[in-house]
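Topology and contacts: notes
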2 protein chains.
Amino acid sequence: MTNLGPGRPRLEQRRRHGQTPRAEILDAAGELFTTKGYANTSTRAVADAVGLRQASLYHHFAAKDDILDALLAETVAGPLEFAQGLAAHSASAAVRLYALALFDVRQLCAARWNLGALYLLPELRTERFAAFRLRRDELRGHYEELARLVLADLGSRAVPGSEVLPFRLVETVINIRSDEGVAPEYAEQTIPEAVLRVLGAAGVVRAEAVALLESLAVARE
Amino acid sequence: MTNLGPGRPRLEQRRRHGQTPRAEILDAAGELFTTKGYANTSTRAVADAVGLRQASLYHHFAAKDDILDALLAETVAGPLEFAQGLAAHSASAAVRLYALALFDVRQLCAARWNLGALYLLPELRTERFAAFRLRRDELRGHYEELARLVLADLGSRAVPGSEVLPFRLVETVINIRSDEGVAPEYAEQTIPEAVLRVLGAAGVVRAEAVALLESLAVARE
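Residues numbered from 1 in each chain as written. Chains lettered and ligands numbered in written order. Predicted model: local features only at pLDDT ≥ 70, side-chain atom pairs only at ≥ 80, totals over all residues. Heavy atoms only, no water.

Some remarks on the overall build of chain A
Helices and strands together make up the secondary structure of chain A, namely nine helices and zero strands. Overall, chain A shows an N-to-C arrangement of helices and strands of α-α-α-α-α-α-α-α-α. On the principal axes, the C-alpha backbone points of chain A span a range of 65 × 35 × 30 Å. Across the 221 residues of chain A, 54% fall into the buried class. (Helix = DSSP H or I, 4+ residues; strand = E, 2+ residues; numbered from the N terminus. Buried < 20%, exposed > 50% of the residue type's maximum accessible area, 1.4 Å probe, protein only.)

Following this line, the structure appears as structure tokens:
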């Protein structure tokens, strides 16, 4: 969809990341929402940042919350698809949980804008974002299911509630990026290792998890 | 400071938590900032929620960012003072780190509003909040110092960067409260235990840490 809409020429040359006007709008909105704030950003400001007329922007997104919803959807689509691919895989639960955390941490670190910082917006608790919340809950459910399997494999007496921690540890990338201004290099190893450690699983699974991640990535291409 | 300012009677009876108008303003702002959003809340809305005239509110806080700064300052003051008290204590680093995490998790769970959700506001990265950021960095520094001591005591080969995780694990209470709507009962045990586990320290220190926390709490009274 590279069409800008009838009789709506661009105000100027493209200046954003993205192959299509839609992708450029999302890139500009991602920057403005994370650096100026969602409530402080108008659709006019997004259109200006892309070099589009506001009417052209409305051709792609009817309202500001549609832009936010599209940005949020992108943050869960990849890890959710990856988690679904893992669900039936024969690797051990520890290897699968490590691979999921690694996939997710890599995406959180590589994303141009720290979109996870938007998860705590009060706007997200409204009905408008119920579908997004369900998708994110589904991803969280995959983490908790794998964590329960890891705990069951260990047969250890688990600390109550510890199955929630792997998902939350992965989310800490968002806070670290926010405070440090950049995604730290150590995150890609430190966080998946910690995901297993909080469950009391201390084995060496990284090499196997990386191989699993790569084999699934190839299968999706 | 229970004085409302000259010739400025309340519009109606007090309806907020708090012993003073200042505390009531902070309580109302805490609710509005976390449920409607900071940018979406005017000082007028805060004054209305307290039953004060806007001019009376300005007697206590000259601008909206002063209210936010005061709310944020409250979130770090307690744990920072507690961490300073721990710094010279003779208990092991693991016991002290556990006690600090427990103190902090209890406060994050008990606070009437989930104010930590405001930490990711883009506004906090401006010069106006530099002093707050320094105080929070100081608290983070206490966590990292204790974590390094725990790692040194263990003599184990630490995963690079793992000293940052205890502080980040404690912050996950904020995300859990935001998603679940309430502070979960298990957090007070699960998170301090996880703080030691991510460092590879698996010992049983809870009873000693709770005793330390209580002795320091008594000393401060």
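Structural notes on the pattern of salt bridges
The full count for this structure, using the stated rule, is 30 salt bridges over all chains. With its nearest N and O atoms 2.6 Å apart, the salt bridge here joins Arg128(A) to Asp66(A). In this pair, Arg128(A) is assigned in the loop between helix H5 (93–110) and helix H6 (130–154) and Asp66(A) in helix H4 (residues 64–87), connecting sequence segments 62 residues apart. By relative accessible area, Asp66(A) is classed as partly exposed at 24%. Where Asp179(B) meets Arg168(A), a salt bridge forms, and the shortest distance between an N and an O atom there is 2.9 Å. Placement of the pair is Asp179(B) in helix H7 (residues 165–180) and Arg168(A) in helix H7 (residues 165–180), with the two residues belonging to separate chains. Three or more residues joined by partner-sharing salt bridges are found here, namely Asp65(A), Asp66(A), Asp69(A) and Arg128(A). (Salt bridge = Lys/Arg side-chain N within 4 Å of Asp/Glu carboxyl O.)

So, the domain arrangement of chain A
The extent of an interface is frequently quoted as the accessible surface area lost upon association of the parts. Residue and element names in this part refer to chain A. On domain assignment, one finds that chain A holds domain 1 (1–62) and domain 2 (66–220). A straight line from the C-alpha centre of domain 1 to that of domain 2 covers 30 Å. Taken together, the contacts link 16 residues of domain 1 with 13 residues of domain 2. Seen at the junction of domain 1 and domain 2, the total is one salt bridge. Here Arg112 ties to Asp27 by a salt bridge, and the two come within 2.9 Å at their closest N and O atoms. The interface formed by domain 1 and domain 2 contains two residue pairs in polar contact (both at pLDDT 80 or more). No other element matches helix H1 (residues 21–35), which puts nine residues into the side of domain 1 that touches domain 2. Residue classes in the side of domain 1 that touches domain 2 are distributed as nine nonpolar, three polar and four charged. (Domains from an automatic or database assignment. Contact = heavy atoms within 4.5 Å. Polar contact = N/O pair within 3.5 Å; in protein donor to acceptor, adjacent residues only side chain to side chain. Nonpolar A, V, L, I, M, F, W, Y, C, P; charged D, E, K, R; others polar.)

Quick word on the confidence of the model for chain A
Residues and elements named next belong to chain A. Averaged over all residues, the pLDDT of chain A equals 90, while 91% of them reach at least 70. Of all helices and strands in chain A, the one with the weakest mean pLDDT is helix H9 (residues 206–220) (85), whereas H1 scores best (97). In this model residues 1–8 is a low-confidence stretch, pLDDT under 50, and it forms 16 contacts with partners more than four residues away in sequence or in other chains. (pLDDT = per-residue confidence, 0-100.)

Digging into the relation of the copies chain B and chain A
Screw-axis analysis of chain B against chain A gives a translation of 0.0 Å along the axis, an RMSD of 0.0 Å, and a rotation angle of 180 degrees. Both chain copies can therefore be described as sitting about a two-fold axis. A shared interface surface links the copies, since 100% of the contact residues of chain B are contact residues in chain A too. (Least-squares fit on C-alpha atoms with pLDDT ≥ 70 in both.)

Description of the UniProt feature "DNA-binding region" (unreviewed entry) in chain A
In the UniProt entry, the feature "DNA-binding region" (unreviewed entry) is given for residues 42–61 of chain A. Within residues 42–61 of chain A, the helical portion is 75% and the strand portion 0%, while the C-alpha atoms at the span's ends are 13 Å from each other. (UniProt positions renumbered as here; feature names shortened; annotations may be inferred.)

Some details on the UniProt feature "domain: HTH tetR-type" (unreviewed entry) in chain A
UniProt marks residues 19–79 of chain A with the feature "domain: HTH tetR-type" (unreviewed entry), using the numbering shown here. Across residues 19–79 of chain A one finds 75% helix and 0% strand; the C-alpha atoms that close the span lie 23 Å apart.

Observations concerning the packing of H4(A) against H5(A)
All names here are of chain A. With their axes 10 Å apart at the nearest point, H4 and H5 run at an angle of 160 degrees to one another. When the axis of H4 is compared with that of H5, the two are roughly antiparallel. H5 is crossed by H4, and the crossing has right-handed handedness. For the pair H4 and H5, contact is made by Glu74, Thr75, Gly78, Pro79, Phe82, Ala83, Leu86 and Ala87 and by Arg96, Ala99, Leu100, Phe103, Asp104 and Gln107, respectively. Of the residues that constitute the contact of H4 with H5, the class distribution is eight nonpolar, three polar and three charged. (Axes fitted to C-alpha atoms, helices over the stretch in contact; angles between N-to-C directions. Parallel < 35°, antiparallel > 145°, perpendicular 65-115°, else oblique. Left-handed = near helix turned anticlockwise from the far one by under 90°.)

Quick look at the packing of aromatic side chains
Scanning all chains against the criterion turns up eight aromatic pairs over all chains. Centroid distance Phe82(A) to Phe103(A): 4.4 Å. Interplanar angle 5 degrees. Geometry classified as stacked. With Phe82(A) in helix H4 and Phe103(A) in helix H5, the pair connects residues that are 21 residues apart, well separated along the chain. Take Phe82(A) and Phe103(A): they sit in the same class, and that class is buried. Measuring from centroid to centroid gives 4.9 Å for Phe33(B) and Tyr38(B), while their planes differ by 85 degrees, and the two rings are edge-to-face. In this structure, Lys64(B) packs its charged tip against the face of Tyr38(B), placed 4.3 Å from the ring centre. Looking at Arg136(B), its charged tip hangs above the ring of Tyr119(B), at a distance of 4.3 Å from the centre. (Phe/Tyr/Trp six-rings, centres within 6.5 Å; stacked < 30°, edge-to-face > 60°. Lys NZ or Arg CZ within 6 Å of the ring centre and 35° of its normal.)

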